[in-house]
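One-letter residues, chain by chain:
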Amino acid sequence: DEPPPKRTRPGEKPRTGTCAFADRIARVACERYAELVASSSYPSERVPTRTVLAAFVAYDRITDTARVISLGVGTKTIARDVAITGHEILDAHAEVLARRGLKKFFFESLRRKDSTDDDGIVDVTDDGVMRVRENISLHLYVSSAPCGNACVRRWAKGKSTERRRESLGERGTPSEPHEKLQRSACDAGQVALCVKIVKSSKDDALPEDIQRMCDRGDLAPGTAPVGSALGVSLTCSDKLCVWNVVGYQGALLRAFMPETLRVASITVGRKFSEPHLCRAMCCRVDGFKSSDGAFVARHPALMETAVVFDDVPMDAEEGATFDNPFAMVWCAHDDDAKVEILDGKTGTSSADGAPSSTCKAALFDAYNRAKGGSVAYTHDAYARAKCDADNGAYNAAKDELFNHPKMFEPRRGYAGWRESKRERTSGYARRRRLDDD
C-alpha cells in the first residue's frame, strides 16, 4: 500500500494586519523582489520557494509614494574562520543583506552627487554632508519575525491582531508609546543577546544545556547564548535592536551622514507578535543614552502585514525549512539585471565566487573613494577608518551599550553574568578587526 499523502498547510497563516500602510510597505517590497527575480539570469528553478525577504522602503509624504531602495534575501550564516579576508559576507540573513544594500545605496548617492541623476532621497551639501530629505521617511519590511529574541514566545502575552486599525487610514502608523517592559526573567535570558548557530551538518546535536533551553522555549531555534562556541554573529533581533540605538548607516557613513539614521517603522509578516517584537527590537534597551548624548534608544512603529510573501504549502508536520543557500542583495542604484545572487554558505557570488559589492572590503573602498583617497583593505585599516569616521563616537556608543549592566542583561551562568548586577555586561566580546557592524 502507498503511504497516505502528507498533510499540508499554507506557508503563511491568514493575518488581519495592523493597517493599510503596513500592507503598502510589504506589497512594494514583495513586488520589487518578484521583479528582480524575473529580470535576473539566475535559473528560476533554483530560486527557493521558501526564504526570508527584507527591504528598506523610502516613503515620500509629499508625493505619497513608496519605493524600495535596498533589498536582501537569505537565511544562512558562515563561520568566522571562513570569512577572513573582508571579501566574504559572514552573515547572509535577509535583514543584514538589506542593510548592506542600504549602505551601498548611500555611498553611491555620494558618488553621484554632482550628476543630474537625482535619487529623490538625499541631499548632499557642497562640503559633502549627506542628509535624508525631510519629506522622506525610512521603513523596514521583513517577511518573517527576525531570528532570535523576537521569536521567543515567553515572558509576555501576545495581543490579538483581529482588529485592523482602519482609523489610521492609508498613511497612518501606530504612534502610541510601547508598553514598558517588565523585566521579570532576565536570569532566564529575557533580554539577553544570542548568536546564530553555525553547524557543520544540520544533523549535529546541540549541547544538552542549549537543547534544554530550546525545549523550554527560552531560546529561539538556531540560536545560542553569546560566548558559546556555536557561533559568533549576533541574531537579527539583536542587530536590529542595536541599530535602533546607534543608527542604520553604520560607522563609515557617519563621516558623511552625521545624523543618526532611523527607521520610522518595522513591518513583519510571519510570526508577528507585538509584545515580543517590542521587547526584541527596542524595549529591552529603553532608556539607554550614550555618555556623549548622541545615541539614544528609539522605538519605531511595529506593525503586522496581511500581505503574504510565501504562498507555497508546507508539510504540516515538518513546518518551514530553509535549506537553500540562495541569497540576494540589491540597491536602487543597481540595474535590475545585475542583482547580486550570492551563496549564503560561502558569502560570495553563487556564479563565480566573486566578492559582493556590499562586502566589507567593497564598502571600505566606497568610503575611501568618497574621502578622495585610496587605501588597500586590511582588517586594521578598516577598524581605523570606523573610528576615524566620527572620532570613535559610534564605536564608543556600541561599547557602552554592550557593557551596560542592564540593557542586554545576560543569562545566569553564561558569558557576562556576575552575582552583582552592577558588574554584569551583555557578555558579547566585540572583535574590533572582524566585527560585522
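Presented here is an overview of the structure given in this document. (Residues numbered from 1 in each chain as written. Predicted model: local features only at pLDDT ≥ 70, side-chain atom pairs only at ≥ 80, totals over all residues. Heavy atoms only, no water.)

### Some details on the packing of helix 2 (residues 94–111) against helix 6 (residues 360–371)
To keep things clear, this is the line we draw: Axes here mean lines fitted to C-alpha atoms, for a helix over just the part in contact, with angles spanning 0 to 180 degrees between N-to-C directions. Strands here are runs of E lasting at least two residues and helices are runs of H or I lasting at least four, both read from the DSSP assignment and numbered beginning at the N terminus. Note on terminology: angles under 35 degrees are roughly parallel, angles over 145 are roughly antiparallel, angles of 65 to 115 are roughly perpendicular, and the others are oblique. Less than a right angle of anticlockwise turn of the near helix away from the far helix marks a crossing as left-handed, whereas a clockwise turn marks it as right-handed. Any two residues whose heavy atoms approach within 4.5 Å at even a single point are treated as in contact. Ten residues, namely Ala, Val, Leu, Ile, Met, Phe, Trp, Tyr, Cys and Pro, are considered nonpolar, four, namely Asp, Glu, Lys and Arg, are considered charged, and the remaining ones, Gly among them, are considered polar.
Across the interface, helix 2 lies against helix 6 with an axial gap of 10 Å and an inter-helix angle of 20°. With respect to their mutual orientation, helix 2 and helix 6 come out roughly parallel. By crossing handedness, the relation of helix 2 to helix 6 is classed as left-handed. Note on element contacts: helix 6 touches helix 2 through Lys-360, Leu-363, Ala-366, Tyr-367 and Ala-370, opposite Arg-100, Lys-103, Lys-104, Phe-107 and Leu-110. Across the contact of helix 2 with helix 6, the residue classes tally to six nonpolar, no polar and four charged.

### Regarding the packing of helix 4 (residues 236–246) against helix 8 (residues 393–403)
In contact at an axis separation of 11 Å, helix 4 and helix 8 are set at 125° when each is read in the N-to-C sense. By the criterion of interaxial angle, the relationship of helix 4 to helix 8 is oblique. Like other packed secondary-structure pairs, helix 4 and helix 8 cross with a definite hand, here right-handed. In contact with Val-242, Val-245 and Val-246 of helix 4, helix 8 contributes Tyr-394, Ala-397, Lys-398, Leu-401 and Phe-402. Its residues assigned to classes, the contact of helix 4 with helix 8 comprises seven nonpolar, no polar and one charged.

### A closer look at the sheet that holds strand 15 (residues 340–343)
What counts, and what does not: In this description, strands pair whenever DSSP reports at least two bridges between them.
The eight strands lie next to each other as 12-11-8-2-3-14-15-16, forming an open sheet whose pairing is mixed. The two strands at the open ends of the sheet, each matched to only one other strand, are strand 12 (301–304) and strand 16 (348–349). When strand 2 (residues 53–60) meets strand 3 (residues 65–73), the two strands line up antiparallel, connected through eight bridges. Counted as the bridge partner of Val-57 is Val-68 from strand 3. Sheet strands in contact with helix 1 (residues 20–39) are strand 2, strand 3, strand 8 (136–144), strand 11 (265–270), strand 12 and strand 14 (326–331), and its direction is about 55° off that of strand 3.

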